[in-house]
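# Descriptive analysis of the structure
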Amino acid sequence: MCGVHMPVIRALGRLRQEDCREVTASLGSVCRSSARACLTRPGTESAAQTTASHGPRSCVSMAGQLSAPGIFGTPSGPGANADWMSGLSPGLWDIPLHQLSIPGSHDTMTYCLSRTSPVSHAQPRLLRVLSSALPCVTRPVVLKWSVTQTLDVTGQLDAGVRYLDLRVAHVRGGPAHNLHFVHAVYTSALVEDTLTEVCEWLERHPREALVLACRGFEGLGAELHEYLLGCVRNIFGELLCPRGEVPTLRQLWARGQQVLLSYEDEGAVARHPELWPAIPYWWGDQVKAGALIRYLDTMKSCGRPGGLFVAGTNLTESLGYVLSHPAQSLATLTLRARPALGAWVREQRPGPAPACTNIIAGDFIGADSFVTDVIGLNQKLLRG
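Rules used in this analysis
Residues numbered from 1 in each chain as written. Predicted model: local features only at pLDDT ≥ 70, side-chain atom pairs only at ≥ 80, totals over all residues. Heavy atoms only, no water. Salt bridge = Lys/Arg side-chain N within 4 Å of Asp/Glu carboxyl O. Helix = DSSP H or I, 4+ residues; strand = E, 2+ residues; numbered from the N terminus. Buried < 20%, exposed > 50% of the residue type's maximum accessible area, 1.4 Å probe, protein only. Phe/Tyr/Trp six-rings, centres within 6.5 Å; stacked < 30°, edge-to-face > 60°. Lys NZ or Arg CZ within 6 Å of the ring centre and 35° of its normal. Contact = heavy atoms within 4.5 Å. 1 Å grid on protein atoms, 1.4 Å probe; cavity = no way out; pocket = protein on both sides within 12 Å on 5 of 7 lines; lining within 4 Å. Points joined across faces, edges and corners; volume = space filled by probe spheres on them. Nonpolar A, V, L, I, M, F, W, Y, C, P; charged D, E, K, R; others polar. Core = buried A, V, L, I, M, F, W, Y, C linked by side-chain atoms within 4.5 Å. Pairing = 2+ DSSP bridges. Axes fitted to C-alpha atoms, helices over the stretch in contact; angles between N-to-C directions. Parallel < 35°, antiparallel > 145°, perpendicular 65-115°, else oblique. Left-handed = near helix turned anticlockwise from the far one by under 90°.

## Things to note about the pattern of salt bridges
- Per the stated rule, a full pass over the model turns up 10 salt bridges.
- A salt bridge links glutamate 208 to arginine 162; the shortest N-O distance between them is 3.0 Å. On the criterion of sequence distance, the pair formed by glutamate 208 in the loop between α8 (191–204) and β7 (210–218) and arginine 162 in the loop between α7 (153–159) and β4 (163–170) is long-range, its members being 46 residues apart. This pair shows no difference in class: glutamate 208 is buried, exactly as arginine 162 is.
- Put simply, arginine 167 and aspartate 165 hold a salt bridge, and the shortest N to O gap is 2.7 Å.
- If you follow the salt bridges from partner to partner, you end up with Asp107, Asp165, Arg167, Arg215 and Glu264 in one network.

## Topic: the packing of aromatic side chains
- With the rule as written, the count across this model stands at 4 aromatic pairs.
- A centroid spacing of 6.0 Å and a plane angle of 85° characterise the contact between tryptophan 145 and tyrosine 321, whose relative ring orientation is edge-to-face. Taken together, the residues tryptophan 145 in helix α6 (residues 135–146) and tyrosine 321 in helix α13 (residues 319–324) connect sequence positions 176 residues apart.
- On the basis of relative accessibility, which here comes to 15%, the residue tyrosine 321 falls in the buried class.
- Between the aromatic rings of tryptophan 282 and phenylalanine 309, the centroid separation amounts to 4.8 Å while the plane-to-plane angle is 45°, which identifies the pairing as tilted. Within this pair, whereas tryptophan 282 is found in strand β10 (residues 281–282), its partner phenylalanine 309 is found in the loop between α12 (289–301) and β11 (310–312), the two being separated by 27 residues in sequence.
- For phenylalanine 309, a relative accessible area of 0% translates into the label buried.
- One cation-aromatic arrangement involves arginine 207 over tryptophan 93; the distance from NZ or CZ to the ring centre is 5.8 Å.
- The ring of tryptophan 253 carries arginine 207 above its face, with NZ or CZ at 3.7 Å from the centroid.

## Remarks on the environment of leucine 220
- Its place among the elements puts leucine 220 in the loop between β7 and α9 (222–236).
- The spacing of leucine 220 and valine 168 is 52 residues in sequence and 8.5 Å in space, taken between C-alpha atoms.
- In this structure, leucine 220 is in contact with Val168, Ala169, His170, Leu179, His225 and Leu228, ignoring residues within four places of it in sequence.

## With respect to unusual backbone geometry
- Although it is not a glycine, alanine 184 sits at a positive phi angle of roughly 75°.
- Turning to its location among the elements, alanine 184 is positioned in the loop between β5 (179–183) and β6 (185–190).
- A relative accessible area of 11% means that alanine 184 is categorised as buried.
- Even without a glycine there, the phi angle at aspartate 285 is positive, about 55°.
- Assessed through its relative accessible area of 42%, aspartate 285 is described here as partly exposed.

## Remarks on the layout of surface pockets
- Taken as a whole, the largest pocket encloses approximately 960 Å³ of empty space.
- Every residue lining the largest pocket is counted, 42 residues in all, and those nearest its centre are Gln123, Ser146, His183, Ala184 and Glu317.
- Secondary structure elements with two or more residues in the lining of the largest pocket: α2 (17–33), α5 (125–133), α6, β4, β5, β7 and α13.
- Per element, the largest residue contribution to the lining of the largest pocket is 6 residues, and it comes from α6.
- Of the residues in the lining of the largest pocket, the class split is 23 nonpolar, 12 polar and 7 charged.

## Observations regarding the nonpolar core
- Ranked by size, the top nonpolar core spans 93 residues in total, and within it Leu97, Leu228, Phe236 and Tyr263 carry the most contacts.
- Among the elements that line this core, the one with the most residues is helix α14 (residues 330–346), at 7 residues.
- Not counting chain neighbours up to four residues away, the residues in contact with leucine 97 comprise Ile102, Val246, Pro247, Leu249, Leu252, Leu260, Leu308 and Asn358.
- By size, the runner-up hydrophobic cluster in this structure holds 8 residues, among which are Leu113, Val142, Ala184 and Val185.

## Here we look at the pairing of β5
- Counted residue by residue, β5 has 4 buried out of 5 residues, so it is predominantly covered.
- Here β4 runs beside β5; their pairing, made up of 3 bridges, is antiparallel. Directly across from valine 168, in β5, lies its bridge partner phenylalanine 181.
- In this structure, β5 lies alongside β6, joined through 3 bridges in antiparallel fashion. The residue bridging histidine 183 from the neighbouring strand is valine 185, located in β6.

## Considering the pairing of strand β3 (residues 102–105)
- On β3, burial covers both faces: Ile102 and Gly104 on one face and Pro103 and Ser105 on the other are all buried.
- Bridging between β3 and strand β12 (residues 359–362) involves 4 bridges; their strand directions are parallel. Across the sheet, residue serine 105 finds its bridge partner in β12, namely glycine 362.
- Bridge analysis of β3 against β4 gives 2 bridges, and the strand direction is parallel. When the bridges of β4 are listed, glycine 104 appears paired with tyrosine 163.

## Here's the deal with the packing of α8 against α9
- Viewed as axis vectors pointing N to C, α8 and α9 meet at an angle of 20°, and their least axial separation amounts to 10 Å. The orientation of α8 relative to α9 falls into the category roughly parallel. The handedness of the crossing between α8 and α9 is right-handed. Where α8 approaches α9, its residues Val191, Glu192, Leu195, Thr196, Val198, Cys199 and Leu202 are matched on the opposing element by Tyr227, Leu228, Cys231, Val232, Ile235 and Phe236.
- Residue composition of the contact of α8 with α9, by class: 11 nonpolar, 1 polar and 1 charged.

Below, the structure is given as structure tokens:
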């Protein structure tokens, strides 16, 4: 038995028998795959710092080892879509945003997941126990399956992303007003700093509009919600578009507004007119491209929601899949699915019809033509 099994025996004793059997069967292969991680414990470097040292367009794989640039195909040039909204044909300026095709990033902030962060308390107990008992093995594995983006938020906006998926959280036991983002583990970036960075980008691109989706809110009570919303108002001010009818680009430009803020807390939305209700996100929870496409087509057959909504092209792994595929990562999983999912994206059409799409979100923005493909769907509106 691998020597690193012994420190976890007492922890596993607290788990259910079926959990123990699953881990015992899988841990040997995980240990062999992650042996190098046990020789050098993770440092304080975040995923963002690792990415920066290897170039902004590399994809994270194998817990911090980066694959070659262009692993997913031919990306657009840096900043090629930074002002795509202002460059749209005038024939599209009077179409409401929920009838346009808008590219989005799934789990926007995972490029800066912290290597020293504890596993989120929202994760399964099995994963939290393993992370506590065997951090040198578990954390690299968690990171390689949790990082969904390698471009920082400014890089994503420059690439053309106009929907940001922001999973806000407060780390248990952390400073009272330090809010982070989370996806299995917490980010090194703070929410207030990130929103300020987004606002500064908007000031440089005054005719671009964003949909910001604040979601999750792990560890946030009423006081922290009000603190967060105070930060939002202070940072964006008059750039916020109050809820109402979904605006057109021409209307936003005339009002000097650039931000629609979706907030996944009904009580906060009721109290604050600058907030929009949670935007529906079609999440297939599938590990294979074919199953995800069938899910998305089923959702389309039921008819699109009346307002803004997201079709997620992101694949999702289960803990069992991760344990049984120790040599894989979310990057390699996405790589295999890209051709099929890319073909599905290019077949879509925005507009008001029941089978039309709106926001299409994906992983590893900037690594291929995904953003350009989504933007290009707007040309179908001009052809009627």
